[in-house]
Amino acid sequence: MAEVIYTKSKTGRRGVKFPASGVAEKDLSKFIAENLLNKAKIKLPELTELDVMRYFTNLSQKNFSIDNVFYPLGSCTMKYNPKINEYTAGLDGFTNIHPEQNEEFAQGALELMYNLQEQLKEITGMNAISLQPAAGAHGEFAGMLIVKKYFEKIGEKRTKVIIPDSAHGTNPATAKMCGFDTVEIKSNSDGLVDVEELKRVLDNETAAIMMTNPNTLGLFEENILEISKLVHEAGALLYYDGANLNAIMGITKPRIMGFDIVHLNLHKTFSTPHGGGGPGAGPIGVTENLANFLPVPVVCFNGEKYFLNYDLKDTIGKVKAYYGNFGILVRAYTYILMMGGKGLRQVSEDAVLNANYLKEKLKNTYKLPYDKICMHEFVLSGDLQKEKGVNTMGIAKRLMDSNIHPPTVYFPLIVHEAMMIEPTETESKETLDNFIEVMKEINREIDEDPELVLERPVKTPVSRVDETLAARQPNLRFCE
Ligand SMILES: *Cc1c(COP(=O)(O)O)cnc(C)c1O
């Protein structure tokens, strides 16, 4: 049985002993509705403070995290999150502020948000920013609501959203949630949007195309200027999924490529801790003519003071309580200031260099379906290893025994047995070389004894589980 904290309980153990209270006990049960009163005896574990400390410290180390292992999870940009971000986000003035605080007494927080908006404008080239959305997918949702409202306003009925087959699943899901029909277009043999295919489906019912650039294969969409010209000529808008911004900061901007609406994942590119569902922040940026559609409030400055502006005439309304995930905004702001403009460009250059280094060193051992210069990530196929008896899932599980978090697997969908590898700029050459060695070693093990590889991992707290059962019927209860 797993070591849940209950197994360590010993009757009578205590962490803290309180002195006897000088106030007489009072029965409060008459203030609570009868049906809400708990009649059963509550069973709680009884432990000393030291027991609790060791239990949770050990538990925290059973997991993989960016602070303890290499974490090349493609598309997720698991870069190191500098601890100074945590320091600034924890400052009293930020943690003890209330969202209902009068603007006059929250000038510092508003200034921070305003400055962050300005920085993101500079980085993306967009004209206006809203910090409200709480994640990338949430930013997509806000962005596509803007597309919808824009065409309603100009009186055009457009029902279609075009999405490349390499897109992240949130793109089609978002378009559908906003009431659009999605049209998938196939990538060409170079792994890029097929311009002829695009021309075939583009018409006056097309509201938008949703693109990621570099795309999820880690390849730069070289025809982006032609694509944006075609899309705009058809009267449609270009939506930019900014999850891969880590590859292009300071080098190019979505606006230069012709995009009208952009979301960013602050938790990826701008180094705020994420994983396991959040927290995140997915600000959106738009062109001048869409600025009035942004969710409210946006933070403005009148030359004297900062204020929250609710007065946007075509606004899609609110998409989140208050003003966004403020703590994440503080972290991203800290990171941007710390790096500076040149530093951010260096981030992208190093991220691209690291990915190409791994790609070149591994392409003779694993199949590389698109053999060209990549951006910040690349996709290998485990086809050759599968033929020898171990599929990509087997390789991913084996990696954990070498203390490496597996890459993203089985995505993008257009590569068989996909392994999507994103080293990020924060890793040293030694770490990259170790990863290369381990990947080669796994291939040798597969040649020697595939059955043995399939028994891995053996060093993790849990070895192989029935994946379907673990996802559908997780047993999270403690049992005797
Ligand atoms: C991560 C990601 C998203 C979704 O972002 P969340 O912040 O997880 O909601 C969308 N598109 C791509 C390409 C991504 O990598």
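Read on for a plain summary of the structure.

1. Some details on the side chain of T174
Inference 1: With respect to the helices, strands and loops of the structure, T174 is situated in helix α6 (residues 170-177).
Inference 2: Polar side-chain contacts of T174 include one of 2.9 Å to the side chain of E140.
Inference 3: When near neighbours in sequence (up to four residues on either side) are disregarded, T174 contacts A137, E140, F141 and M144.

2. Focus on the sheet that holds strand β10 (residues 378-381)
By way of backbone hydrogen bonds, the strands of a sheet pair with one another, either parallel or antiparallel.
Inference 1: Strand order in the open sheet formed by three strands is β10-β12-β11, with antiparallel pairing between adjacent strands. One side of each edge strand has no neighbouring strand; the edge strands of this open sheet are β10 and β11 (408-409).
Inference 2: Pairing analysis gives four bridges linking β10 to strand β12 (residues 418-421), with the strands arranged antiparallel. Pairing of V379 across the sheet is with M420, part of β12.

3. Section: the packing of aromatic side chains
Inference 1: Throughout the structure, instances matching the rule amount to eleven aromatic pairs.
Inference 2: Seen in terms of ring centroids, F70 and F435 are 5.4 Å apart; in terms of plane orientation they differ by 70 degrees. Their pairing is edge-to-face. Separated by 365 residues along the polypeptide, F70 in the loop between α1 (49-60) and α2 (83-89) and F435 in helix α14 (residues 429-448) bring together distant segments of the chain. Neither F70 nor F435 differs from the other in exposure class; each is buried.

4. With respect to a nonpolar patch on the surface
Inference 1: Taken together, the side chains of L28, F31, I32 and L36 present a nonpolar region at the surface, about 450 Å² in accessible area.
Inference 2: Along the polypeptide, L28 turns up in the segment before α1.

5. Structural notes on the pairing of strand β4 (residues 206-212)
Inference 1: Taken across its seven residues, β4 has seven buried, putting it largely inside the fold.
Inference 2: Where β4 lies against strand β5 (residues 237-242), five bridges are found, and the strand directions are parallel. Paired with M210 across the bridge in β5 is Y239.
Inference 3: Tracing the backbone out of β4, into helix α8 (residues 224-233) and back to the parallel element β5 gives a crossover that is right-handed.

The rules behind these values
As a convention, each chain's residues are numbered from 1 in the sequence order in which they are written. Predicted model: local features are reported for residues with pLDDT of at least 70 only, side-chain atom pairs are reported and counted for 80 or more only, and whole-chain, interface and lining totals are derived from all residues. To obtain the side-chain values, all non-hydrogen atoms of the structure were included, while hydrogens and water were left out. Secondary structure is summarised from DSSP: a helix means a run of H or I of at least four residues, a strand means a run of E of at least two, and numbering begins at the N terminus for each. Counting of polar contacts relies on pairs of N or O atoms within 3.5 Å, with two restrictions inside protein: one atom must be capable of donating a hydrogen and the other of accepting it, and residues adjacent in sequence are counted only when both atoms are side-chain atoms. Should any heavy atoms of two residues lie within 4.5 Å, those residues are counted as being in contact. The criterion for strand pairing is that DSSP finds at least two bridges linking the strands in question. The rule is short: rings of Phe, Tyr and Trp, with Trp giving its six-membered ring, pair when the centres are within 6.5 Å, and they are stacked under 30 degrees, edge-to-face over 60, tilted in between. Each residue gets one of three labels from its accessible area relative to the maximum for its type: buried under 20%, exposed over 50%, partly exposed in between, using a 1.4 Å probe on protein chains only. Like-charged residues are merged into a patch within 9 Å and nonpolar side chains (Val, Leu, Ile, Met, Phe, Trp, Tyr) within 5 Å, provided each residue has over 30% relative accessible area and no salt bridge. Working definition of accessibility: Shrake-Rupley area with a 1.4 Å probe, residue cover restricted to the visible protein chains. What makes a salt bridge here is a side-chain nitrogen of Lys or Arg within 4 Å of a carboxyl oxygen of Asp or Glu, nothing more. By convention a crossover is right-handed if, when the strands point away from the viewer, the path from the first strand over the helix to the second runs clockwise.

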